[in-house]
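Descriptive analysis of the structure
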Amino acid sequence: MNKKFKIKTGDPVIIIAGKDKGKTGKVSSVLKANNRVIVEGVNIVKRHRKATQESPGKIEEKEASIHISNVAHVDPESGKATRIKYEVKDGVKRRLSVISGALLDK
């Protein structure tokens with residue numbers, strides 16, 4: 001079964017729950033199989049890498065995934081969290097912000 005998400009890669013989102021609540025960022029990828037998204041600059045975790053003959057050991061920081069229910073679109077006009085509605089106009093389906101009615105697709 002295909003899952004349908006209203007959040008797509010490149011969308012500006014705000015975190016609405018969790019340790020990074022209130023932070024905003026751009027969606028870098030959507031993991032449909034796990035209902036999760038990766039947002040740039042949010043939910044940073046540290047990964048310890050063991051030393052090898054080619055490279056020394058180090059601690060890397062990278063973005064971890066967040067459940068899709070913990071993020072919401074950012075309204076382009078107000079900057080607040082908003083829901084999405086669809087509108088079909090002239091045979092083209094578009095995504096609009098519920099709060100302001102602003103177009104989210106470019």
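Everything that follows concerns the structure shown earlier in this document.
In every chain, residue numbers begin from 1 and rise along the written sequence. With pLDDT at 70 or above as the cut-off, local features in this predicted model cover only qualifying residues; side-chain atom pairs require 80 or more to be listed or tallied, and sums for whole chains, interfaces and linings still use all residues. Excluded from the side-chain calculation are hydrogens and water; included are all heavy atoms of the structure.

1. Quick look at the packing of aromatic side chains
Heads up, the condition is: Any Phe, Tyr or Trp ring, taking Trp's six-membered ring, that has another such ring centre within 6.5 Å forms a pair; planes under 30 degrees apart are called stacked, those over 60 apart edge-to-face, and the others tilted. Criterion for a charge above a ring: Arg CZ or Lys NZ at most 6 Å from the ring centre, at most 35 degrees from the ring normal.
The final tally for this structure, using the stated rule, is zero aromatic pairs. Of note, Lys 93 hangs over the ring of Tyr 86, and the distance from its end group to the ring centre comes to 4.5 Å.

2. Let's talk about the nonpolar core
The cut-off we apply is this: Among the buried residues, those of types Ala, Val, Leu, Ile, Met, Phe, Trp, Tyr and Cys that are joined through side-chain atoms within 4.5 Å form a nonpolar core. Exposed residues in this analysis have more than 50% of their type's maximum accessible area, buried residues have under 20%, and partly exposed residues fall in between, with area computed by a 1.4 Å probe over protein chains only. By the criteria applied, helices consist of DSSP H or I runs no shorter than four residues and strands consist of E runs no shorter than two, each listed in order from the N terminus. Here, residues are in contact when the closest pair of their heavy atoms is within 4.5 Å.
Residues Phe 5, Ile 7, Val 13, Ile 15, Val 27, Val 37, Val 39, Val 42, Ile 66, Ile 68 and Val 71 constitute the largest nonpolar core, which totals 11 residues. Those elements giving two or more residues to this core turn out to be strand 1 (12-15) and strand 3 (36-39). If near-sequence neighbours (up to four positions away) are discounted, Val 13 is found in contact with Ile 7, Lys 23, Thr 24, Gly 25, Val 27, Val 39, Val 71, Ala 72, His 73 and Val 74.

3. Here we look at the pattern of salt bridges
The condition is simple: Salt bridge, as applied in this entry: a Lys or Arg side-chain nitrogen positioned within 4 Å of an Asp or Glu carboxyl oxygen.
Under the defined criterion, the tally for this structure stands at seven salt bridges. In this structure, a network of salt bridges that share partners links the residues Asp 11, Arg 95 and Asp 105.

4. Side note on the pairing of strand 9 (residues 84-89)
This is how the line gets drawn: Pairing between two strands requires that DSSP report at least two bridges joining them.
As paired elements, strand 9 and strand 10 (residues 92-97) share six bridges and run antiparallel to each other. Bridge pairing in strand 10 links Lys 89 to Val 92. Where strand 9 hands over to strand 10, the hairpin turn is made up of two residues, of which Asp 90 adopts a positive phi near 55 degrees.

5. Some points on the side chain of Thr 82
Our working definition: By the criterion applied in these results, polar contacts are pairs of N or O atoms within 3.5 Å in which, for protein atoms, one can donate a hydrogen and the other can accept it, and in which residues neighboring in sequence qualify only through two side-chain atoms.
Tracing the sequence through the fold places Thr 82 in strand 8 (residues 81-82). Residue classification places Thr 82 among the buried residues on the basis of a relative accessible area of 6%. A distance of 3.4 Å separates a polar side-chain atom of Thr 82 from the backbone nitrogen of Val 98. Excluding residues within four positions of it along the chain, Thr 82 makes contact with Ala 72, His 73, Val 74, Asp 75, Ser 97, Val 98 and Ile 99.

6. Quick word on the environment of Arg 94
Structurally, Arg 94 is set in strand 10. We classify Arg 94 as partly exposed; its relative accessible area is 25%. The spacing of Arg 94 and Asp 105 is 11 residues in sequence and 6.5 Å in space, taken between C-alpha atoms. Beyond its immediate sequence surroundings of up to four residues, Arg 94 is in contact with Lys 85, Tyr 86, Glu 87, Lys 89, Leu 103 and Asp 105. For Arg 94, the side chain forms a polar contact with the side chain of Glu 87, separated by 2.6 Å.

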